Amino acid sequence: MLDIWRTVLRHDDVGVDDNFFDLGGDSVMAVQIAARARAAGLILAPSQLFEHQTIAGQARAAVEVPARPVVRPLSPWQRHRHSVLHKPWLVLLPLPQASTDQIHAALTVIVERHPVLRARLDDGWSFVQPRINLDETATGMDGLAEWADTVCRGPALWGARFVKGATETRLAIAAHPLLLDAPSLGFMAQALTDLLTQSHHDASRAEAPDDNYAQWLEAGGKTAARPLFRLQGDAVSDPPDLTAPVSTSLVAVHLLERAGALNACAEHIVLTAMAQLLVQWNGAQEIGIDLLTAERKSRALGQFTRLLMPTFSLPQGSMVAKVNAVRAAIEQVEGQGRDPAEPAGDVIMRWRRRDGTVEWLHDAEPLPPRGYALALDALLLPDRLVLDWHFDPARLKRATVERFASRVQADLLAPAQTYPTASGREGLMAKISQRKG
């Protein structure tokens, strides 16, 4: 460590108890020290240089690089999609005013923090020594698609390059869809902006290594089976291709206002609206809606897409109680979900969300698994919520689906003040639940 400090700080007179910042150290140098330490066989995150500001402290904090990387299993969704020919994610991220060295240092911090960006895929995930895959600068958009394909066929599964436009330079990120989901790309854009605009002392507090994804892969899921939910009507053994969807959209502010009034997330609001109508449709208080989602409580990077099978039993009373019941039902089955190849119920919602700061050039998300009588594809954009209702014409009439879609949309468009806001004990419990999340 002493030799590494002397090389990076360009000081020969360095002692083991000297302070990193007193010697002129900064965030870029912290990244360089961490990289050189790893190359020498020691794991030392850049954030640890802020926590342990002397060589003596860092020597105690550093750990040896494992001789062989730990292999973690694929999630059920990744196993299901492993053999599919994948189109890569390709997005453009805005860049604050910063030098190339600062951007490279910020990316290094993000890679150090998120193990998935050091992952290699074989029969499972192994997390190796970090490498920043920052390729040469491109002028304009020509060749970006080919570059993304090449990157995602390589062992790193993701890469970055500068893209010079007429008025600004942005950062292109290409990623294999088994490596990262859509929320991860939004989180990555925000982390990059935060690191480039905060002082290094402020940024260091948010740079602790994040192993949530590795833990999630190891933990498996709560996969307790439930009876497959069936809509009233005759089932078919071999459903034909889905018809053109019934499409509706609404201004996103309506949904977000409702979510704010009910202390809930937008995904749960849409699910509650569906569940209420399905209860009326089937004449039963308990119904099931399969849920394909990548939403999670943490901002960890990874591929968290999972197919959940919650059962909803909606209580009588306020909308707050119903939304809380939906949230609780999802939490009971949280984890990695079930294998999409297993038999499915009749109804599914796929929930997607797109970060407004990111320009999405390639969308790598597949459609929900086949075999559902009714499938809602819900996409929350910065300015609107798009609802595409797919259905099996051998089970459902288009007019029925149109009426169902219309009623869900009317419920979501109703002014937020028409619903009782969270108050009293319900409101307190809802707020506590949100804070825990």
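Each remark here, short or long, concerns the structure printed above.
Peer 1: Requested: an account of the nonpolar core, with residues and values cited.
Peer 2: Within the largest apolar cluster, 50 residues are counted, with the highest numbers of intra-cluster contacts made by Leu255, Ile289, Phe312, Met349, Trp351, Trp389 and Leu412. Elements represented by at least two residues in this core include exactly β10 (246-251), α11 (252-261), α12 (266-282), α13 (319-332), β15 (347-353), β17 (374-380), β18 (384-391) and α14 (398-413). If you look at the next biggest cluster of nonpolar residues, it comprises 46 residues, including Leu117, Trp158, Leu178 and Phe187.

Peer 1: How would you sum up unusual backbone geometry? Please name residues and give values.
Peer 2: Positioned with a positive phi, leucine 157 is a non-glycine residue whose angle comes to about 70°. Looking at the element boundaries, leucine 157 is found in the loop between α7 (144-153) and β8 (158-164).

Peer 1: An account of the sheet that holds strand β13 (residues 306-308) is needed here, citing residue identities and associated values.
Peer 2: A sheet is described by the order of its strands in space; here six strands give the open sequence β10-β18-β17-β15-β12-β13, paired in mixed fashion. One side of each edge strand has no neighbouring strand; the edge strands of this open sheet are β10 and β13. Along the sheet, successive strands turn relative to each other by an average axial angle of 15°, direction set aside. Taken together, the seven bridges between β15 and β17 define a ladder with parallel strand orientation. Among the inter-strand pairings, tryptophan 351 is bridged to a residue of β17, identified as alanine 378. Of the strands in this sheet, β12 (290-293), β15, β17 and β18 are in contact with α12, which crosses β15 at around 165°.

Peer 1: Outline the environment of lysine 322, supporting the account with residue identities and numerical values.
Peer 2: Counting through the fold element by element, lysine 322 comes out in helix α13. Given the relative accessible area of 13%, lysine 322 is considered buried. Spatially, the C-alpha atoms of lysine 322 and alanine 273 are 9.5 Å apart, while their sequence positions differ by 49 residues. Apart from residues lying up to four places away in sequence, lysine 322 is in contact with Thr272, Gln276, Leu314, Pro315, Gln316 and Gly317. Engagement of the side chain of lysine 322 in a polar contact is seen with the backbone oxygen of glycine 317, the distance being 3.0 Å.

Reading the values: the criteria
Residues numbered from 1 in each chain as written. Predicted model: local features only at pLDDT ≥ 70, side-chain atom pairs only at ≥ 80, totals over all residues. Heavy atoms only, no water. Core = buried A, V, L, I, M, F, W, Y, C linked by side-chain atoms within 4.5 Å. Buried < 20%, exposed > 50% of the residue type's maximum accessible area, 1.4 Å probe, protein only. Helix = DSSP H or I, 4+ residues; strand = E, 2+ residues; numbered from the N terminus. Pairing = 2+ DSSP bridges. Axes fitted to C-alpha atoms, helices over the stretch in contact; angles between N-to-C directions. Contact = heavy atoms within 4.5 Å. Polar contact = N/O pair within 3.5 Å; in protein donor to acceptor, adjacent residues only side chain to side chain.

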